[in-house]
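# Descriptive structure summary
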Amino acid sequence: SVQIAVVFDDTGSMRPVAGEVRRNNCRLIQSAFSSIPALEMGAIAVGDDAPGEGGSYMTKVLPLQRDWDVVARFVKSVPPAYGGDFDECYELALHQLRDFKWKADARKIVIFFGD
């Protein structure tokens, strides 16, 4: 089996390419699920270390799933993590990846999209 986690920067600095990143992630998700049997995939949207007002966040996590539509819907619909001009929460995302239900015998892949 294969388990993939997609981690993507969703902060203000990514705004110019956010739509493209989301579209490409959705294509990657659909392609991976159609070509890899027994695939599980999860995702983490990354915000800034010091989130600001207006619904920003440090991370949003979707645990490993067997349903490609659930993963694609998360990537398409997670709200932007506007934040401020702080460092991104990559360390928190790495810590949260440790909490994913990784199978000992699975191939594990983590893909980061960021600037």
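Scroll up to find the structure this text is about.
This text gives an overview of the structure that appears in the document. Predicted model, so just to flag it, every value in this text is computed and none were measured. (Residues numbered from 1 in each chain as written. Predicted model: local features only at pLDDT ≥ 70, side-chain atom pairs only at ≥ 80, totals over all residues. Heavy atoms only, no water.)

Within the protein one finds 3 helices and 4 strands. Taken from the N to the C terminus, the helices and strands of the protein come in the order β-α-β-β-α-α-β. Taking 2.2 N^0.38 as the reference for a compact globule, 115 residues should give roughly 13 Å; the C-alpha atoms of the protein span a radius of gyration of 14 Å, in line with that estimate. Counting only C-alpha atoms, the protein reaches 40 × 25 × 20 Å along its principal axes. Total accessible area on the protein stands at roughly 6300 Å², and carbon and sulfur atoms take up 53% of it. Taking the average place of the 13 positive charges on the side chains of the protein and the average place of its 16 negative ones, the gap between the two points comes to 11 Å. (Helix = DSSP H or I, 4+ residues; strand = E, 2+ residues; numbered from the N terminus. Rg over C-alpha atoms; globule rule 2.2 N^0.38 Å. Areas by Shrake-Rupley, 256 points an atom, 1.4 Å probe, with all protein chains shown as cover. Lys, Arg positive; Asp, Glu negative; His and termini not counted. Charge placed at Lys NZ, Arg CZ, Asp CG, Glu CD.)

In this structure the tally under the stated criterion is 3 salt bridges. Between Arg22 and Asp10 there is a salt bridge whose closest N-O contact spans 2.8 Å. Separated by 12 residues along the polypeptide, Arg22 in helix 1 (residues 18-35) and Asp10 in the loop between strand 1 (2-9) and helix 1 bring together distant segments of the chain. Here the two residues Arg22 and Asp10 agree in accessibility, since each one is buried. A salt bridge links Asp69 to Arg73; the shortest N-O distance between them is 2.8 Å. Taken together, the positions of Asp69 and Arg73, both in helix 2 (residues 68-77) and 4 residues apart, correspond to about one turn of that helix. (Salt bridge = Lys/Arg side-chain N within 4 Å of Asp/Glu carboxyl O. Buried < 20%, exposed > 50% of the residue type's maximum accessible area, 1.4 Å probe, protein only.)

Our next topic: the pairing of strand 2 (residues 39-46). The buried fraction of strand 2 is high, at 8 of 8 residues. Where strand 1 and strand 2 come together, 8 bridges link them in parallel fashion. Residue pairing in the sheet places Val2 in a bridge with Leu39 of strand 2. Note that the unit made of strand 1, helix 1 and strand 2 has a crossover that is right-handed. Of the pairings in the sheet, the one linking strand 2 to strand 3 (residues 59-65) comprises 5 bridges and is antiparallel in character. Across the sheet, residue Ala43 finds its bridge partner in strand 3, namely Leu62. (Pairing = 2+ DSSP bridges. Right-handed = clockwise from strand over helix to strand, strands pointing away.)

The subject of this paragraph is the nonpolar core. Of all hydrophobic cores here, the largest spans 22 residues; its most connected members are Phe8, Leu39, Met41 and Phe74. Every element with two or more residues in this core is listed here: strand 1, helix 1, strand 2 and helix 2. Top contributing element to this core by residue count: helix 1, with 5 residues. If near-sequence neighbours (up to four positions away) are discounted, Leu39 is found in contact with Val2, Ile4, Ala32, Phe33, Gln65 and Arg66. Ranked by size, the runner-up nonpolar core spans 9 residues in total, among them Ala5, Leu64, Cys89 and Phe100. (Core = buried A, V, L, I, M, F, W, Y, C linked by side-chain atoms within 4.5 Å. Contact = heavy atoms within 4.5 Å.)

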